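# Observations on chain architecture
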Number of protein chains: 2
Amino acid sequence: MRFLSDTSSDGVREQLFTLGEIPGVLWTPADAGTTPRPLVLLGHGGGRHKKDPEVSTLAHRLVTECGHAAVCVDVPAHGDRPKVEEYDRLAAENQARVEAGEELAPLIAGFQALVARRTVPEWRAVLDAVQELGHVGAGPVGYWGVSLGCGLGVPFVAAEPRVGAAVLGLGGAQATAEAAARITVPVRFLVQWDDERVPREQSLALYDALASPEKTLHANPGRHGELPAFELDSTVSFFRRHLGRNQP
Amino acid sequence: MRFLSDTSSDGVREQLFTLGEIPGVLWTPADAGTTPRPLVLLGHGGGRHKKDPEVSTLAHRLVTECGHAAVCVDVPAHGDRPKVEEYDRLAAENQARVEAGEELAPLIAGFQALVARRTVPEWRAVLDAVQELGHVGAGPVGYWGVSLGCGLGVPFVAAEPRVGAAVLGLGGAQATAEAAARITVPVRFLVQWDDERVPREQSLALYDALASPEKTLHANPGRHGELPAFELDSTVSFFRRHLGRNQP
């Protein structure tokens with residue numbers, strides 16, 4: 001793990017790093033001691049990156065309101081990472097298939113399943129590395145990711161026993177129902193009622209497939225990109241309730 | 001409006017009253033001044049009453065955490081109110097029809113629609129009377145009711161322009177979809193995913209029918225009576241966000 005920068009403002013310390021070929025960012029309380037603290041891994045959306053405003057805003061709130069650490073890394077072919085020829089070829093193929101009248105949702109699902117084969121081991125390595133840092137430590141772990149972050153997050157949460165609570169959503173059952181059936185930790189699952197990318201029945205089927213005894217679905221009107229701001233408050237409360245709260 | 005008792009404990013003042021033939025209970029901060037405060041009308045469940053623990057717990061939290069007033073009255077044929085021969089006859093008929101193989105949900109819906117013809121004008125009169133009290137005043141108004149409290153609450157919220165935010169749920173579209181289409185205020189809508197009394201598709205159809213631009217569905221696993229405790233926290237936050245907060 002190599003640190004590229006280290007800055008603090010408004011009580012939040014932000015460190016850019018690379019872990020092998022993976023570029024990432026770690027947020028922690030500026031005056032963190034060495035008591036282990038909860039860590040939330042954030043999965044960014046498709047076409048976005050590790051410092052997307054959605055990700056960065058949530059990270060800052062987890063640090064300042066809960067004393068958590070938060071980490072996000074670029075997904076392959078996103079942010080500071082090089083293109084992946086296989087993904088480009090597949091994206092072009094999918095585009096042609098949609099234009100020829102095929103449904104979008106199964107194509108998205110297939111693509112996310114392919115990417116998850118790389119991100120699941122990468123994210124586990126990121127957890128390993130970050131939890132060895134003195135100002136993070138081996139505390140409880142959470143995961144947050146919607147849209148692409150859900151497609152990649154479901155197999156990750158299913159595979160990684162350290163994750164104790166997850167916020168997922170804006171994703172369907174097509175690629176991930178089998179992995180979802182292996183998730184047993186508390187889940188908050190976000191649905192946009194008028195999602196133009198994920199058919200409603202696919203969203204409900206993914207919620208259904210989760211094996212977690214505690215899982216809450218939050219649905220709101222609006223399209224894929226229109227999650228209401230108050231769900232962010234609710235996400236912060238969810239992680240505070242399940243991972244605990246540290247003094248920042 | 002006639003007051004029967006007036007007691008205070010732990011910062012909460014509780015007054016039993018009758019308004020005409022309607023028995024009710026009003027909760028306010030023990031040291032309330034004369035600044036108008038938010039008022040939440042609570043609709044109790046079927047077979048329950050105005051001081052049901054579910055109702056009373058929520059009322060205490062609204063008073064102590066938000067500085068709100070809360071009021072609940074017995075639904076006809078519930079609590080301290082006399083039996084209604086027509087309801088008894090209908091209940092017996094419905095029982096026989098269920099035993100003969102009819103679906104339960106439409107029968108419940110029909111019954112609730114009948115009761116709502118009485119409760120809508122009663123609850124409007126209760127609001128009128130309570131808002132004239134010096135320690136309540138004409139502040140913002142909310143409504144909370146699930147199960148029977150939803151079946152009666154949907155037509156009430158649709159009819160009463162003072163209601164600015166509502167928590168509803170555990171109810172289906174069969175009796176109330178038309179009224180729901182006239183509701184435009186922010187709604188929190190609670191669904192139990194394995195509700196044995198309200199078919200899931202009926203719940204989702206009622207959520208769908210609400211005309212509110214801001215409406216959030218919260219679904220949790222479990223049967224009709226198994227709403228998780230953390231939804232109570234969420235309900236209190238919802239009313240605080242929409243009705244504001246007074247110093248108790």
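Structural data are supplied above this passage.
Only a predicted model underlies this, so the values are computations on that prediction, with no experimental measurement involved.

## What about the pattern of salt bridges?
By the definition in use, this model includes 36 salt bridges over all chains. Among the ionic pairs, Arg124(A) bridges to Glu160(A), the shortest N-O distance being 2.9 Å. Linking Arg124(A) in helix α3 (residues 104–131) with Glu160(A) in the loop between α5 (153–159) and β7 (163–169), this pair joins segments that are 36 residues apart in sequence. Looking at Glu160(A), the relative accessible area reads 3%, which means it is buried. As a salt-bridge pair, Glu214(B) and Arg241(B) come within 3.4 Å of each other at their nearest N and O atoms. Here Glu214(B), found in the loop between α7 (200–209) and β9 (215–220), pairs with Arg241(B), found in helix α8 (residues 230–243); they are 27 residues apart in sequence, far enough to count as distant. Of the residues examined, Glu214(B) reaches a relative accessible area of 24% and is grouped as partly exposed. Overall, the relative accessible area of 37% leaves Arg241(B) in the partly exposed class. One continuous salt-bridge network, built from bridges that share partners, spans Glu21(A), Arg81(A), Arg118(A) and Glu122(A).

## Topic: the interface of chain A and chain B
Size of an interface: often given as the accessible area lost when the parts come together. Opposite the 17 residues of chain A that make contact, chain B presents 17 residues. Summed over both sides, the interface between chain A and chain B buries roughly 1500 Å², with carbon and sulfur atoms accounting for 59% of that surface. Sorting the residues of chain A by area buried against chain B places Trp193(A), Pro221(A) and Phe230(A) first, and these three jointly supply 33% of that buried surface. Applying the counting rule to chain A against chain B returns two salt bridges. We note a salt bridge from Asp208(A) to Arg200(B), for which the minimum N-O separation is 3.3 Å. Where chain A meets chain B, there are 11 residue pairs in polar contact (both at pLDDT 80 or more). Elements with a minimum of two residues in the side of chain A that touches chain B: α7 (200–209), β9 (215–220) and α8 (230–243) of chain A. No other element matches the six residues that β9(A) contributes to the side of chain A that touches chain B. The sheet contact formed by β9(A) and β9(B) spans three bridges and is antiparallel. Bridge pairing in β9(B) links Ala219(A) to Leu217(B).

## Thoughts on the environment of Ala179(B)
Residues and elements named next belong to chain B. Relative to the elements of secondary structure, alanine 179 occurs in helix α6 (residues 173–180). What makes alanine 179 buried here is its relative accessible area of 9%. Between the C-alpha atom of alanine 179 and that of aspartate 74, which follows or precedes it by 105 residues, the distance is 22 Å. When sequence neighbours within four positions are dropped, the list of residues in contact with alanine 179 reads Val154, Pro155 and Ala158.

## Focus on the side chain of Lys50(A)
All names here are of chain A. With respect to the helices and strands, the residue lysine 50 is situated in the loop between β4 (39–43) and α1 (53–66). Of the residues examined, lysine 50 reaches a relative accessible area of 7% and is grouped as buried. Filtering out sequence-adjacent residues up to four positions away, lysine 50 remains in contact with Leu16, Pro23, Gly24, Val25, Trp27, His44, Val55, Cys72, Val73, Asp74 and Asp80.

## Digging into α6(B)
Residue and element names in this part refer to chain B. Of the positions making up α6, those classed as buried are Ala173, Thr176, Ala179 and Ala180. With its buried residues spanning 140° around the axis, α6 presents them on a single face. As for α6, its buried residues are in contact with α4 (148–151), α5 (153–159) and α7.

## Comments concerning the nonpolar core
Phe189(A), Leu217(A), Phe189(B) and Leu217(B) are the most contacted members of the largest nonpolar core, which totals 100 residues. Sequence-distant contacts of Leu217(B), defined by excluding residues within four places in its chain, comprise Trp193(A), Leu217(A), His218(A), Ala219(A), Phe189(B), Val191(B), Leu204(B) and Tyr207(B).

## Some details on the relation of the copies chain A and chain B
Here chain A sits on chain B after a turn of 180° about the axis and a move of 0.0 Å along it, with an RMSD of 0.0 Å. Here the copies are linked by what is in effect a two-fold axis. Taking the C-alpha atom as reference, chain A places His218(A) closest to the rotation axis, 2.4 Å from it. Of the interface residues in chain A, 100% have counterparts in chain B that sit at the interface too, so the contact is made through matching surfaces.

## Quick word on the packing of aromatic side chains
The description of an aromatic ring pair uses the distance of the two centres, along with the angle that the planes make with each other. In this structure the tally under the stated criterion is 16 aromatic pairs over all chains. The interplanar angle of 70° and the centroid separation of 6.3 Å between the aromatic rings of Phe3(B) and Phe17(B) together place this pair among those described as edge-to-face. In this pair, Phe3(B) is assigned in strand β1 (residues 2–9) and Phe17(B) in strand β2 (residues 12–19), connecting sequence segments 14 residues apart. Residue classification places Phe3(B) among the partly exposed positions, given a relative accessible area of 35%. On the basis of relative accessible area, Phe17(B) is assigned to the buried category, the value being 1%. By the ring-pair criterion, three or more aromatic residues cluster together here, those being Trp123(A), Tyr143(A) and Phe156(A). One cation-aromatic arrangement involves Arg241(A) over Phe230(B); the distance from NZ or CZ to the ring centre is 4.2 Å.

## Looking at the packing of helix α1 (residues 53–66) of chain B against α8(B)
Residues and elements named next belong to chain B. One way to put it is that α1 packs onto α8 with a least axis distance of 10 Å and a crossing angle of 45°. Judged by the angle between their axes, α1 and α8 are oblique. Of the two elements, α1 crosses α8, and the hand of that crossing is right-handed. Across the interface between the two elements, Thr57, Leu58, Arg61, Leu62, Glu65 and Cys66 of α1 pack against Leu232, Asp233, Thr235, Val236, Phe239 and Arg240 of α8.

Thresholds applied
- Residues numbered from 1 in each chain as written.
- Chains lettered and ligands numbered in written order.
- Predicted model: local features only at pLDDT ≥ 70, side-chain atom pairs only at ≥ 80, totals over all residues.
- Heavy atoms only, no water.
- Salt bridge = Lys/Arg side-chain N within 4 Å of Asp/Glu carboxyl O.
- Helix = DSSP H or I, 4+ residues; strand = E, 2+ residues; numbered from the N terminus.
- Buried < 20%, exposed > 50% of the residue type's maximum accessible area, 1.4 Å probe, protein only.
- Contact = heavy atoms within 4.5 Å.
- Buried area = accessible area lost by both parts, 1.4 Å probe.
- Polar contact = N/O pair within 3.5 Å; in protein donor to acceptor, adjacent residues only side chain to side chain.
- Pairing = 2+ DSSP bridges.
- Arc of directions from axis to C-beta.
- Core = buried A, V, L, I, M, F, W, Y, C linked by side-chain atoms within 4.5 Å.
- Least-squares fit on C-alpha atoms with pLDDT ≥ 70 in both.
- Phe/Tyr/Trp six-rings, centres within 6.5 Å; stacked < 30°, edge-to-face > 60°.
- Lys NZ or Arg CZ within 6 Å of the ring centre and 35° of its normal.
- Axes fitted to C-alpha atoms, helices over the stretch in contact; angles between N-to-C directions.
- Parallel < 35°, antiparallel > 145°, perpendicular 65-115°, else oblique.
- Left-handed = near helix turned anticlockwise from the far one by under 90°.

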